[in-house]
Amino acid sequence: MGKNRKIRKTPDYANRFATILFVATLVNLFLYLLPEKFLGLTIKKVDLFSDIRKDDEGNLLASDEGIEDIPFIADIQGSSDINPAVNLPGENIKTILFPENETGKKTEKTGSSKEDSDNETLDSSDDTDFDRNDISNKDIEDFSSSHSGLRRFFAALNNIDNLKRPVRIAFVGDSFIEGDIIVADFRAKMQERFGGRGVGFIPVTSNVSQFRPTVKQSAEGWNTYSIIKNKKQRYALSGLLFESKSDDASINFKNVDMYPGLKEVSLLKIIYVNSENTEVEISDNEEKGGLIYDLPATSGEIKQFEVRGTFSGAEIKFRNAEGLQALGLALEDNSGVVVDNLSLRGNTGMVMTEIDGDWCRELQRIRPYDLIVLQYGLNVASDSTREYSWYRRQMITVIQHIKNSFPGADVMLLGVSDRSTKKGNGYTTMPSVISLLRTQRQTAKDAEIAFWNIFAAMGGQNSMVQFVKANKASKDYTHLSFKGGREIANAFYDALLQEKRMYDGDEKLIK
């Protein structure tokens with residue numbers, strides 16, 4: 001037996017390791033050599049030398065993928081930041097980006113081409129001639145002819161006691177204003193100054209309803225459609241549509257007292273677009289049973305069903321609701337100012353060319369807006385893009401479409417906020433933010449509308465870092481907390497009233 005015994009060979013692990021290493025190197029080399037775009041898709045390449053490559057500020061941008069999925073609002077839950085009664089220390093963040101010169105004046109505008117404005121990356125140490133004022137201005141810039149971009153809105157405010165309806169403002173944007181950040185504090189300031197109560201429009205249901213502190217809401221029995229994900233439906237300004245799943249559906253809401261004017265309202269409005277024989281039962285949250293109404297029939301036309309009373313909360317049950325389509329509710333008074341928050345997570349703004357013009361004009365007739373504020377940009381800024389002329393062209397089309405869809409409403413564009421990217425052991429302003437901001441300002445110029453700069457209001461370059469340190473922003477270095485939102489809301493309110501004073505002065509001169 002000993003002679004026939006076989007000797008086992010020891011496996012050659014060295015050859016196996018060499019083979020695996022060779023294959024892995026080939027794969028990584030292939031990924032490294034990928035083009036920036038392949039089959040129309042932007043490719044994020046693997047950098048084999050990232051650990052030894054010298055930092056290049058132009059290539060140090062963190063990916064913005066998934067920024068809309070960060071539950072930033074949860075960071076401030078339970079904090080005194082969301083309590084307006086708390087006396088918050090006001091910290092004046094100086095503009096680092098645009099230091100005053102020896103005479104104490106800002107750098108004056110110098111000649112620079114439109115292309116330079118779109119492509120230039122701003123460096124605070126760069127002495128190249130360019131318009132530094134174009135992105136440091138904290139005032140509202142009215143690029144309309146005859147300085148009339150906000151004329152209808154200001155005229156409505158001046159005639160507020162005779163309108164027989166509220167002056168209505170819509171904030172249309174992305175997750176930056178989600179949960180009523182910025183909008184809640186701006187609404188409170190406007191209602192304190194001009195009157196009015198209520199949170200305004202709320203969708204049937206919302207993916208941030210559990211985080212929104214200005215109203216409590218829930219719903220059952222609805223399918224949700226979004227203009228971003230479903231192109232087969234029609235949409236109005238909110239970009240959302242809700243359809244009953246069966247004969248029964250419900251909406252619950254409860255007002256809160258986070259701000260004065262939110263606790264009670266005199267009007268409950270149901271905004272819907274499709275109904276045949278639907279009944280509506282509205283009852284107080286504390287009571288069983290309530291008043292039953294027949295919802296007026298409509299097929300494809302936006303209607304508003306209004307119930308008068310005193311509402312601090314209600315349960316709304318829909319019967320015979322199969323096929324019912326709705327946009328949402330409105331909780332408000334018929335006087336003063338109403339400010340609607342129409343945020344839509346992931347919205348770049350460009351998709352708004354697809355809102356239905358006929359529906360929007362119907363909405364404008366039953367729920368007229370005096371001012372529509374467009375807040376976009378976070379979903380456009382990219383580590384691989386510095387040139388945004390394509391975005392300018394698309395957004396000009398969006399603005400024109402909104403003007404046509406909401407006759408009688410003034411339109412204002414907000415410039416993108418500061419956003420940071422990691423550099424070494426710290427964070428710095430994402431360079432593409434500067435390019436995008438300049439493009440947005442040029443967009444407002446070309447579209448002849450008003451423009452206001454959030455980036456400048458925050459304090460300019462690297463202001464997001466300061467906001468995070470002061471608990472005014474989330475640690476994603478992208479979204480504001482309610483504390484930071486309050487600061488921006490106050491700055492916007494002040495800029496708006498300053499612009500109104502200029503308008504009122506011009507009107508007096510004309511008279």
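Going by the structure above, here's the rest.
Here we summarise the structure given alongside this text. (Residues numbered from 1 in each chain as written. Predicted model: local features only at pLDDT ≥ 70, side-chain atom pairs only at ≥ 80, totals over all residues. Heavy atoms only, no water.)

**Things to note about the overall build of the protein chain**
- The helix and strand inventory of the protein chain stands at 10 helices and 21 strands.
- Taking all contacts inside the protein chain whose residues are at least 6 apart in sequence as the whole, residues at least 24 apart take part in 79%.
- Of the accessible surface of the protein chain, which amounts to about 25000 Å², a share of 48% is contributed by carbon and sulfur atoms. (Helix = DSSP H or I, 4+ residues; strand = E, 2+ residues; numbered from the N terminus. Contact = heavy atoms within 4.5 Å. Areas by Shrake-Rupley, 256 points an atom, 1.4 Å probe, with all protein chains shown as cover.)

**Description of the sheet that holds strand 3 (residues 141-142)**
- Strand order in the open sheet made by the 6 strands is 3-21-18-17-4-16, with mixed pairing throughout. Single-partner strands in this sheet number two, and they are strand 3 and strand 16 (337-343).
- In the sheet, strand 4 (residues 167-173) pairs with strand 17 (residues 371-375) via 5 bridges, with the strands oriented parallel. Following the sheet pairing, Gly-173 is matched in strand 17 by Gln-375.
- Set on the sheet, helix 3 (residues 151-158) makes contact with strand 4, strand 16, strand 17 and strand 18 (410-415); between it and strand 4 the angle comes to about 140 degrees. (Pairing = 2+ DSSP bridges. Axes fitted to C-alpha atoms, helices over the stretch in contact; angles between N-to-C directions.)

**Side note on unusual backbone geometry**
- Unusually for a residue other than glycine, His-147 sits at a positive phi of about 55 degrees.
- Following the sequence through the fold, His-147 ends up in the loop between strand 3 and helix 3.
- Even without glycine at this site, Lys-164 takes up a positive phi of about 60 degrees.
- Mapped onto the elements, Lys-164 comes out in the loop between helix 3 and strand 4.
- Among the residues examined, Lys-164 registers a relative accessible area of 74% and is labelled exposed. (Buried < 20%, exposed > 50% of the residue type's maximum accessible area, 1.4 Å probe, protein only.)

**Thoughts on helix 6 (residues 389-405)**
- Across its 17 residues, helix 6 extends 24 Å between first and last C-alpha, which sits within 8% of the 24 Å expected from 1.5 Å per residue.
- Taken together, the buried positions of helix 6 are occupied by Ser-389, Tyr-391, Arg-392, Met-395, Val-398, Ile-399, His-401, Ile-402 and Ser-405. (Expected span 1.5 Å × (residues − 1).)

**Let's talk about the sheet that holds strand 11 (residues 279-283)**
- The strand order across the open sheet built from 5 strands is 6-9-14-11-12, with neighbouring strands paired in antiparallel fashion. Looking at which strands have only one partner, the edges of the open sheet turn out to be strand 6 (215-220) and strand 12 (291-294). Averaged over all adjacent pairs, the angle separating strand axes in this sheet is 15 degrees, with direction ignored.
- Bridge count for strand 9 (residues 249-255) against strand 14 (residues 313-319) is 6 bridges, and the pairing is antiparallel.

**Observations concerning the packing of helix 6 against helix 7 (residues 431-447)**
- The contact between helix 6 and helix 7 brings their axes to 9 Å, and the two run at 40 degrees. The angle between the axes of helix 6 and helix 7 places the two elements in the oblique class. At the point where helix 6 passes helix 7, the crossing takes the right-handed sense. Across the interface between the two elements, Tyr-391, Arg-392, Met-395, Ile-396, Ile-399 and Lys-403 of helix 6 pack against Leu-436, Thr-439, Gln-440, Gln-442, Thr-443, Asp-446 and Ala-447 of helix 7.
- A per-class count over the contact of helix 6 with helix 7 returns 6 nonpolar, 4 polar and 3 charged. (Parallel < 35°, antiparallel > 145°, perpendicular 65-115°, else oblique. Left-handed = near helix turned anticlockwise from the far one by under 90°. Nonpolar A, V, L, I, M, F, W, Y, C, P; charged D, E, K, R; others polar.)

**Examining the pattern of salt bridges**
- Counting across every chain of the model gives 21 salt bridges.
- With its nearest N and O atoms 2.7 Å apart, the salt bridge here joins Arg-441 to Glu-141. Separated by 300 residues along the polypeptide, Arg-441 in helix 7 and Glu-141 in strand 3 bring together distant segments of the chain. Per residue, the accessibility class of Arg-441 equals that of Glu-141, and both read buried.
- Because the salt bridges share partners, they merge into one network encompassing Arg-168, Lys-269, Glu-332, Asp-340 and Arg-367. (Salt bridge = Lys/Arg side-chain N within 4 Å of Asp/Glu carboxyl O.)

**Notes on the side chain of His-479**
- Inspection of the secondary structure assignment puts His-479 in the loop between helix 9 (463-469) and helix 10 (482-510).
- Relative accessible area serves as the criterion here: at 0%, His-479 is assigned to the buried category.
- Of note is the side chain of His-479, whose polar atom sits 2.6 Å from the side chain of Asp-476. (Polar contact = N/O pair within 3.5 Å; in protein donor to acceptor, adjacent residues only side chain to side chain.)

**Quick notes on the pairing of strand 9**
- The element strand 9 is extensively covered by neighbouring structure, given that 5 of its 7 residues are classed as buried.
- Looking at chain direction, strand 6 and strand 9 are connected through 6 bridges and run antiparallel. Paired with Ser-218 across the two strands is Asn-252, which belongs to strand 9.

**A short note on the packing of aromatic side chains**
- Considering all chains together, one arrives at 12 aromatic pairs under this definition.
- Between Phe-153 and Phe-154, the aromatic rings sit 5.5 Å apart at their centres with planes inclined by 40 degrees, giving tilted as the arrangement. Exposure class is identical for Phe-153 and Phe-154. Each is buried.
- Note on Phe-186 and Phe-492: the rings are 5.0 Å apart at their centroids and 45 degrees apart in plane angle, and the pair reads as tilted. (Phe/Tyr/Trp six-rings, centres within 6.5 Å; stacked < 30°, edge-to-face > 60°.)

**Looking at the environment of Arg-501**
- Tracing the backbone shows Arg-501 in helix 10.
- For the pair formed by Arg-501 and Phe-154, sequence separation is 347 residues and the distance between their alpha carbons is 9.4 Å.

**Points about the packing of helix 5 (residues 357-366) against helix 6**
- Packing of helix 5 against helix 6 brings their axes to within 8 Å, and their N-to-C directions diverge by 50 degrees. Relative to helix 6, the element helix 5 is oriented oblique. Two secondary-structure elements touch here, helix 5 through Gly-357, Cys-360, Arg-361 and Gln-364 and helix 6 through His-401, Asn-404 and Ser-405.
- Within the contact of helix 5 with helix 6, the residues separate by chemical class into 1 nonpolar, 5 polar and 1 charged.

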